[in-house]
Amino acid sequence: MQYVLQKYKCIYCSIYRYFVNLILLTIFCFLAGCSGQKETQQVLSIDNQIQVSKDAININTASVAELERLPHVGAKTARDIIEYREKYGKFRKPEHLMLVRRISDERFREIQTLIKVK
């Protein structure tokens with residue numbers, strides 16, 4: 001009988017050690033993940049510092065002719081921008097221009113220094 005009790009005691013000790021290690025590993029992963037988020041936030045804040053030119057076009061008030069002066073923006077795209085603005089209201093951020101048909105992420109990156117919303 002005593003042998004059986006010792007055998008179960010060892011099993012319980014193993015299970016106990018397993019759960020303690022699991023909890024410690026979880027805490028370590030959580031702390032490591034939190035430190036990585038801080039670095040990501042710092043990188044994002046650096047990327048958001050884009051210099052807009054002094055002659056930037058206000059996409060909330062620009063006409064078709066003004067919008068056509070932007071690189072790779074033709075008459076159709078300019079009309080799409082104005083239609084979107086009339087349908088949904090003013091753009092709150094320059095990035096919202098990517099919601100317009102024919103404005104891809106790549107095209108937006110090419111013109112982001114040439115536009116403004118204020």
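You'll find the structure just up there.
Bear in mind the structure is a predicted one, so any value in this text is a computation, not a measurement. (Residues numbered from 1 in each chain as written. Predicted model: local features only at pLDDT ≥ 70, side-chain atom pairs only at ≥ 80, totals over all residues. Heavy atoms only, no water.)

### Observations regarding unusual backbone geometry
Which entries qualify depends on this criterion: Working definition: helices are DSSP H or I runs of at least four residues, strands are E runs of at least two. Numbering for both runs from the N terminus.
Despite not being glycine, His-72 shows a phi value in the positive range, around 65 degrees. Note on placement: His-72 falls in the loop between helix 2 (64-68) and helix 3 (75-88).

### Concerning the packing of aromatic side chains
Where two aromatic rings form a pair, the distance of their centres and the angle of their planes describe that pair. What counts here: Geometry of aromatic contacts follows a simple scheme: Phe, Tyr and Trp rings, the Trp one being its six-membered ring, pair when their centres are within 6.5 Å, and the pair is stacked under 30 degrees between planes, edge-to-face over 60, tilted otherwise. Each residue is placed in one exposure class: buried if its accessible area under a 1.4 Å probe, protein chains only, is under 20% of its type's maximum, exposed if it is over 50%, and partly exposed if it falls in between.
Tallied over the full model, the rule gives two aromatic pairs. Plain terms: the ring middles of Tyr-84 and Phe-91 are 5.6 Å apart, the flat faces sit at 15 degrees to each other, and that makes the pair stacked. Assessed through its relative accessible area of 18%, Tyr-84 is described here as buried. Since its relative accessible area comes to 4%, Phe-91 is described here as buried.

### Overview of the nonpolar core
Where we set the bar: The definition of a nonpolar core used throughout is a set of buried Ala, Val, Leu, Ile, Met, Phe, Trp, Tyr and Cys residues joined through side-chain atoms within 4.5 Å. Residues are treated as being in contact if the distance between any of their heavy atoms lies within 4.5 Å.
Ranked by size, the top nonpolar core spans 18 residues in total, and within it Ile-59, Leu-67, Leu-70, Ile-81, Phe-91, Leu-97 and Val-100 carry the most contacts. Ranked by residues supplied to this core, first place goes to helix 3 with four residues. Aside from chain neighbours lying at most four places away, what touches Leu-67 is Ile-57, Ile-59, Ala-62, Val-73, Ala-78, Ile-81 and Ile-82.

### A few points about the side chain of Asp-80
Position of Asp-80 among the secondary structure elements: in helix 3. Excluding its chain neighbours within four sequence positions, the residues that come into contact with Asp-80 are Val-100, Arg-101 and Arg-102.

Note that all results are geometric; they support no functional claim without further evidence.
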